[in-house]
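As a plain string of letters, each chain reads:
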Amino acid sequence: MNTKTAIIISPMPLHPIKSGMQNTINLLCKFLREKNYKIFFFEIKTKSKIDPILDLKKKRKYVLKLKKKIKETKNLKFIFVNTSKVLFQYKSLLLNKKRNFKTVLACHDLYYFRKKYFDKIRIKDKTDLKNVDEVNILKKTDYIIDFKKTEFDFMLKNKISLKKLKKTYTPTLKFKKINFSKKKYDLLYVSSNWLQNHHSMKNFLKKIDKTNFAYNILVLGNLKLKKQKNIDVRPYSKKMFNKCKIGLAVMKDSTGRQTKIFEMLSAGLPVFTNIDLAEFGLKKDKHYKFFDKKKNLVNEIKTLNDDESLRKKLSQNAYNWSLNNTFYRKAFKSLNQILVRN
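Bear in mind that the values here come from a model prediction, so they are computed numbers and not experimental data. Along each chain, residues carry numbers from 1 onward, in the same order as the chain's sequence is written. Per-residue local features of the predicted model are confined to residues with pLDDT of at least 70, and side-chain atom pairs are confined, for both listing and counting, to 80 or more; whole-chain, interface and lining totals are unaffected and use all residues. Only hydrogens and water are set aside when side-chain values are computed; all heavy atoms of the structure are taken into account.

**Focus: the pattern of salt bridges**
Piece 1. Just to be clear on terms, a salt bridge is a Lys or Arg side-chain nitrogen sitting within 4 Å of an Asp or Glu carboxyl oxygen. Applying the stated criterion across every chain yields a total of 13 salt bridges.
Piece 2. Notably, a salt bridge pairs Lys 69 with Glu 72, separated by 3.5 Å at the nearest N-O pair. With Lys 69 and Glu 72 both in helix H2 (residues 60-72) and 3 residues apart, this pair spans about one turn of that helix.
Piece 3. Linking Lys 148 and Asp 109 is a salt bridge whose minimum nitrogen-to-oxygen distance equals 3.4 Å. On the criterion of sequence distance, the pair formed by Lys 148 in the loop between strand E5 (143-145) and helix H7 (149-157) and Asp 109 in the loop between strand E4 (102-106) and helix H5 (111-120) is long-range, its members being 39 residues apart. Asp 109 matches Lys 148 in its accessibility class, with the two residues each being buried. The helix and strand labels rest on DSSP assignments: H or I over at least four residues marks a helix, E over at least two residues marks a strand, and numbering proceeds from the N terminus. We call a residue buried when its accessible area falls under 20% of the maximum for its residue type, exposed when it is over 50%, and partly exposed in between, using a 1.4 Å probe and counting protein chains only.

**Things to note about the pairing of E4**
Piece 1. The element E4 is extensively covered by neighbouring structure, given that 4 of its 5 residues are classed as buried.
Piece 2. By this definition, two strands are paired if DSSP reports at least two bridges between them. Of the pairings in the sheet, the one linking strand E3 (residues 76-82) to E4 comprises 5 bridges and is parallel in character. Its bridge partner being in E4, Val 81 is matched across the sheet by Leu 105.
Piece 3. As paired strands, E4 and E5 are joined by 3 bridges and run parallel to one another. Bridge assignment links Ala 106 to a residue of E5, and that residue is Ile 145.

**With respect to the nonpolar core**
Piece 1. Within this scheme, the nonpolar core is defined by two criteria: the residues are buried Ala, Val, Leu, Ile, Met, Phe, Trp, Tyr or Cys, and they are joined through side-chain atoms within 4.5 Å. Ile 9, Ile 79, Ile 144 and Met 155 are the most contacted members of the largest nonpolar core, which has 40 residues in total.
Piece 2. Taken together, the elements giving at least two residues each to this core come down to strand E1 (5-10), H2, E3, helix H3 (84-89), helix H4 (91-94), H5, helix H6 (131-140) and H7.
Piece 3. Contacts are assigned to residue pairs with any non-hydrogen atoms lying within 4.5 Å of each other. Residues within four places of Ile 9 in sequence aside, it is in contact with Phe 42, Ile 44, Leu 66, Ile 79, Phe 80, Val 81, Asn 82, Val 86 and Leu 94.

**Description of the packing of aromatic side chains**
Piece 1. Note on aromatic pairs: the rings of Phe, Tyr and Trp (six-membered ring only in Trp) are paired at centre separations within 6.5 Å, and the planes decide the class, stacked below 30 degrees, edge-to-face beyond 60, tilted for the rest. Taken as a whole, this structure holds 19 aromatic pairs when the rule is applied.
Piece 2. Measuring from ring centre to ring centre gives 5.8 Å for Phe 78 and Phe 80, while their planes differ by 35°; the resulting arrangement is tilted. The residues Phe 78 and Phe 80 share a single accessibility class, namely buried.
Piece 3. A connected cluster of aromatic rings, assembled from ring pairs, spans Tyr 169, Phe 262, Phe 280 and Trp 321.
Piece 4. When the ring centre of Phe 327 is taken as reference, the NZ or CZ atom of Lys 174 above it lies at 5.0 Å.
Piece 5. The ring of Phe 290 has Lys 284 lying over it, and the distance from NZ or CZ to the ring centre is 4.1 Å. Both a distance and an angle decide whether a charge sits over a ring: NZ of Lys or CZ of Arg must be within 6 Å of the ring centre and within 35 degrees of the ring normal.

**Some remarks on empty space enclosed by the protein**
Piece 1. Cavities and pockets were defined on a 1 Å grid built from protein atoms only: a cavity is a group of points that admits a 1.4 Å probe but offers it no way out, a pocket is an open group of points flanked by protein on both sides within 12 Å along at least five of seven lines, and a lining residue is one with an atom within 4 Å of any such point. Grid points are joined across faces, edges and corners, and a volume is the space filled by probe spheres set on the points. For the structure on display, the rule yields 1 cavity of 30 Å³ or more.
Piece 2. If you add up the space inside the largest cavity, you get close to 400 Å³.
Piece 3. For the largest cavity, the lining is made up of 29 residues, of which Ser 19, Gly 20, Met 21, Ser 192 and Lys 260 are closest to its centre.
Piece 4. Elements represented by at least two residues in the lining of the largest cavity include exactly helix H1 (20-34), helix H8 (195-208) and helix H9 (259-266).
Piece 5. Across the lining of the largest cavity, the residue classes tally to 10 nonpolar, 13 polar and 6 charged. The classification used treats Ala, Val, Leu, Ile, Met, Phe, Trp, Tyr, Cys and Pro as nonpolar, Asp, Glu, Lys and Arg as charged, and all other residues, Gly among them, as polar.

**Notes on the layout of surface pockets**
Piece 1. Estimated volume of the largest pocket: approximately 360 Å³.
Piece 2. As for the largest pocket, its lining consists of 17 residues, and the residues nearest its centre are Met 12, Lys 18, Lys 49, Trp 194 and Asn 222.

**Notes on the sheet that holds E4**
Piece 1. In spatial order, the strands read E2-E1-E3-E4-E5; together these 5 strands make up an open sheet with parallel pairing. Each edge of the sheet is formed by a strand with only one pairing partner; in this case those strands are strand E2 (38-43) and E5. Here the average twist between neighbouring strands, direction ignored, is 20°.
Piece 2. In the sheet, E1 pairs with E3 via 5 bridges, with the strands oriented parallel. Lines are fitted to the C-alpha atoms to define the axes, a helix being fitted only along its stretch in contact, and any angle between axes, read from their N-to-C directions, falls within 0 to 180 degrees.

**A few points about the side chain of Asn 82**
Piece 1. With respect to the element layout, Asn 82 can be found in strand E3.
Piece 2. Throughout this description, a polar contact denotes any pair of N or O atoms lying within 3.5 Å of each other; where both atoms belong to protein, one of them has to be capable of donating a hydrogen while the other can accept it, and for residues adjacent in sequence the pair is counted only when both atoms sit in side chains. At 3.1 Å, the side chain of Asn 82 forms a polar contact with the side chain of Ser 10.
Piece 3. If sequence neighbours within four positions are ignored, Asn 82 has contacts with Ile 9, Ser 10, Pro 11, Met 21, Ile 25, Ala 106 and His 108.

Quick look at the structure:
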């Protein structure tokens, strides 16, 4: 019997992982391989430093390469496409009525929502995707994954079939255990070099400026920052999570799937964030610490830092919740049904 195959198309490389979008696709690839699928990865390269889909347009060289890959790939069952912008640009190949494979969209923020972010920061997308065009490709797609509640509601409102919507959590790897030993850093900030992360960090530093902020911060990722006292920037490394006392996710503008938050939760870090995670079934003061902007940021960090009992409770609850929900085999379990069927 021939091995089933799948193609994954994304505007970001498979590795090294520097963003939440890459993390999701990387773990999807891992999940499919464990299901005995042979995977071909195809990158639609982007040059934007603001957002991977900004100004992304259809290129003939990719059309030809994709067409060839689809034609020569034996027993092709699925093509997973990262973002609706990529799907729209290459819809003639990926949504062809005569296709002999199933097309699966990984939303990672539908364009309708990313456009709101572009408008907010006053950035014009040269390849703007109209709402009606996005809805049309959603209706032609076989399955849709990697969406938030707001996207789910949007799709139902636009009469996208419920049967094709497969709920998946933001996937994470499994940390072997929670480390409560002495920490080298007080705060962990996980960040790629996208503009929204620069805005968030700049906003955070502005809030703590001129305060007696004596905490050591570890920034993991490729976020480019000027050298600053008490801030250590290093390449992303899962091993470094255990060297930090608190996971920090205080964001100015929020798009994507909150991967940095779910990664820290899976490591059993007590997470301090201004993002309400109720839609995922997470509870404030049980799974994470919520920052209300009406309160003093520095005081709230100090309160959590000083309360060891609360930090341990948050850690254990977050770790247990992650094992049951976001560990990638659990996160993608809704795909088992369609993998068996096709």
